[in-house]
Amino acid sequence: MRVRHLQSHLAEQGLVHQGRLERLRGVRVGVDAVFWLRSIQALKDPFADALGGIPPGIFGFVDKELEAFRKHEIQPLFVFQGVAPGPQHSMFVS
């Protein structure tokens, strides 16, 4: 399930930092895949809808990003939104 306003909450707590990729060498990093892909300006292609919704440059870009992770020995763990549990899920039943 999506956590709304997580980015702004983390920023308010001083937990969002920008820096050089090599500072994460040897670390496993969780990446919100949807947020990551939507933040990439190069993938905002006006013709993507005509091509089935996938920007033509996405595969090359993702390969380039993954190569940067490999170069710095960073293990990305991409996290995708799951299916929301139904109202009868045992965790939500009192």
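Residues numbered from 1 in each chain as written. Predicted model: local features only at pLDDT ≥ 70, side-chain atom pairs only at ≥ 80, totals over all residues. Heavy atoms only, no water.

(A) How the structure looks around the overall build of the chain. Helix and strand counts for the chain come out as 3 helices and 2 strands. Seen in sequence order, the chain has helices and strands lined up from the N terminus as α-β-α-α-β. Every one of the 94 residues in the chain was classed for burial, and the buried ones make up 13%. Total accessible area computed for the chain in this model is approximately 8,100 Å², and 57% of it derives from carbon and sulfur atoms. (Helix = DSSP H or I, 4+ residues; strand = E, 2+ residues; numbered from the N terminus. Buried < 20%, exposed > 50% of the residue type's maximum accessible area, 1.4 Å probe, protein only. Areas by Shrake-Rupley, 256 points an atom, 1.4 Å probe, with all protein chains shown as cover.)

(B) Here's a closer look at the environment of K71. Of note, K71 is situated in helix α3 (residues 58-71). A relative accessible area of 59% places K71 in the exposed class. With 50 residues separating them along the chain, K71 and L21 place their C-alpha atoms 9.8 Å apart.

(C) How the structure looks around the pattern of salt bridges. In this structure the tally under the stated criterion is 3 salt bridges. With a closest N to O distance of 4.0 Å, R25 and E73 form a salt bridge. With R25 in the loop between α1 (6-12) and β1 (28-32) and E73 in the loop between α3 and β2 (75-79), the pair connects residues that are 48 residues apart, well separated along the chain. (Salt bridge = Lys/Arg side-chain N within 4 Å of Asp/Glu carboxyl O.)

Honestly, that's just the spatial picture; any functional story needs more than this.
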